[in-house]
Amino acid sequence: MAEVTVAARPEAGGPGRRPYEPARGRVGRLGEGLRGYRLIVGMWIRSTMAYRTSFLLATFGNAAITVLDFVAITIMFSHVDALGGFTLPEIALLYGACSASLGLADLLLGNTDRVGARVRDGSLDTMLVRPVPLLAQVAADRFALRRLGRIAQGVGVLGWALSELDVDWTPGKVLLVPVMVVAGAGIFGGVLVAGAAFQFVAGDAAEVQNSFTYGGCTMLQYPPTVFARELLRGVTFVVPLAFVNWLPALYVLGRPDPLGLPGWVAFLSPLVAFAVFLPASLAWRAGVRSYRSTGS
């Protein structure tokens, strides 16, 4: 019997490239993951935009719900002039930066909290056999474009705070504001990935993950001067959430750090984001390697 050879059909993305051919090297795997993430996100966006009125209402509702937190702070300032020595515009700076950072991280990686549920019901096995890195699939799954509402609300409060504050602006302070938001999103993103990796062991730890993200953001909306020094040390040197907005905002406002740290540490947020994300990604890889199917 003659041997039949089936030639692989070249993919549209490049000549001679076989469909789903695994990328070579770390850079190739990263590119493959970003490409897979983009394709999955695009699919969910097209699905969302098929019902535009529903999308607009959901986005507006998301922004309206999150703005209630700031409304509560505003009501509190109707009875006091300052909180921990901070005025309302100064606290609005903390609130807006933290809310925008968490909103961006939640938009890009927020669905990682469903890893535990997928481990329990066995649906993670389906993702493992697909030719796309698992983290890209988990992060992009059910991509919720309505989360732009939180980002818009945070940016709006941040813009109002900057317009009300009397700050001696320098090039460093101007640059630090967008860096603070983006690096803060990176720090929250690292916490989200670490929490997802922990769910391979704990099985149901989504609330633990949320306590460091949503709970951490709630804490960061208030000035560091109202918290005990032990807590400040913990969120600076253990889980470095203080680099999301506290330390950069203190530098912008020209205020000293309660722990006595030098002013230049405010510019370390991007490095801290990398330092958080690197061990989180390693923990994720270890969790995936240790995963055993439910067998269902």
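First things first, this report covers the structure right here in the doc. (Residues numbered from 1 in each chain as written. Predicted model: local features only at pLDDT ≥ 70, side-chain atom pairs only at ≥ 80, totals over all residues. Heavy atoms only, no water.)

## Focus: the overall build of the chain
Note the following rule: A helix here means a DSSP run of H or I that spans at least four residues, while a strand means a run of E at least two residues long, and both kinds are numbered starting from the N terminus. The buried label applies to any residue whose accessible area, calculated with a 1.4 Å probe on protein chains only, is under 20% of its type's maximum; exposed applies above 50%, and partly exposed to all values in between. Any two residues whose heavy atoms approach within 4.5 Å at even a single point are treated as in contact. Each accessible area value is a Shrake-Rupley result obtained with a 1.4 Å probe; residue values ignore everything except the protein chains displayed when judging cover.
Along the backbone of the chain there are twelve helices and zero strands. Within the chain, buried positions represent 44% of all 296 residues. Sequence separation of 24 or more characterises 75% of the internal contacts of the chain that already satisfy a separation of 6 or more. For the chain, the accessible surface area stands at approximately 15700 Å², while carbon and sulfur atoms represent 65% of it.

## Details of the packing of aromatic side chains
Applied cut-off: For Phe, Tyr and Trp, where Trp contributes only its six-membered ring, two rings pair if their centres lie within 6.5 Å, and the inter-plane angle classes them as stacked under 30 degrees, edge-to-face over 60, or tilted in between. In our convention, an over-ring charge means Lys NZ or Arg CZ found within 6 Å of a ring centre and within 35 degrees of that ring's normal.
A complete count under the given rule lists six aromatic pairs for this structure. On the numbers, 5.2 Å between centres and 40 degrees between planes, the contact of phenylalanine 70 with tyrosine 95 is tilted. Here tyrosine 95 lies in helix H3 (residues 88-109) and phenylalanine 70 lies in helix H2 (residues 52-76), a separation of 25 residues in the sequence. Judged by relative accessible area, phenylalanine 70 falls into the buried class, the value being 12%. Taken together, the aromatic side chains of Phe70, Tyr95 and Trp160 make up a single cluster linked through ring pairs. The lysine or arginine in question, arginine 255, covers the ring of phenylalanine 86, its NZ or CZ lying 4.2 Å from the ring centre.

## With respect to the state of the cysteines
The following threshold applies: Disulfide: a pair of cysteine sulfur atoms within 2.5 Å of each other.
Considering all chains together, one arrives at one disulfide under this definition. With its sulfur 2.4 Å from that of its partner, cysteine 98 forms a disulfide with cysteine 217. In this pair, cysteine 98 is assigned in helix H3 and cysteine 217 in helix H9 (residues 206-220), connecting sequence segments 119 residues apart. With respect to class, cysteine 98 is no different from cysteine 217; both count as buried.

## Considerations on the packing of helix H8 (residues 171-202) against H9
Filter applied, for reference: Here, axes are lines fitted to C-alpha atoms. For helices the fit covers the stretch in contact, and angles between N-to-C directions go from 0 to 180 degrees. Should an angle lie under 35 degrees it is considered roughly parallel, over 145 roughly antiparallel, and from 65 to 115 roughly perpendicular; all remaining angles are considered oblique. Each crossing gets its hand from how the near helix is turned against the far one by less than a right angle, where anticlockwise is left-handed and clockwise is right-handed. Ten residue types, Ala, Val, Leu, Ile, Met, Phe, Trp, Tyr, Cys and Pro, are classed as nonpolar, four, Asp, Glu, Lys and Arg, as charged, and the remainder, Gly among them, as polar.
Direction vectors running N to C along H8 and H9 enclose 160 degrees, while the axes themselves pass 8 Å from each other. As far as their axial angle goes, H9 and H8 are roughly antiparallel. Like other packed secondary-structure pairs, H8 and H9 cross with a definite hand, here right-handed. Contact residues: H8 offers Phe188, Val191, Leu192, Gly195, Ala196 and Gln199, while H9 offers Ala206, Gln209, Phe212, Thr213, Cys217 and Leu220. Tallied by class, residues from the contact of H8 with H9 come to eight nonpolar, four polar and no charged.

## Digging into a nonpolar patch on the surface
Here is the rule we go by: Each patch is built from salt-bridge-free residues with over 30% relative accessible area, joining like charges within 9 Å and nonpolar side chains (Val, Leu, Ile, Met, Phe, Trp, Tyr) within 5 Å. The working definition used for a salt bridge is a side-chain nitrogen of Lys or Arg within 4 Å of a carboxyl oxygen of Asp or Glu.
Side chains of Phe198, Val201, Val208 and Phe212 sit close together on the surface and give an oily, nonpolar patch of about 390 Å² of accessible area. Looking at the nonpolar patch, the elements that each hand over two or more residues are H8 and H9. With respect to the secondary-structure elements, valine 201 resides in helix H8. Note on valine 201: relative accessible area 69%, which makes it exposed.

So far we have only geometry, and geometry alone does not tell us how the molecule works.
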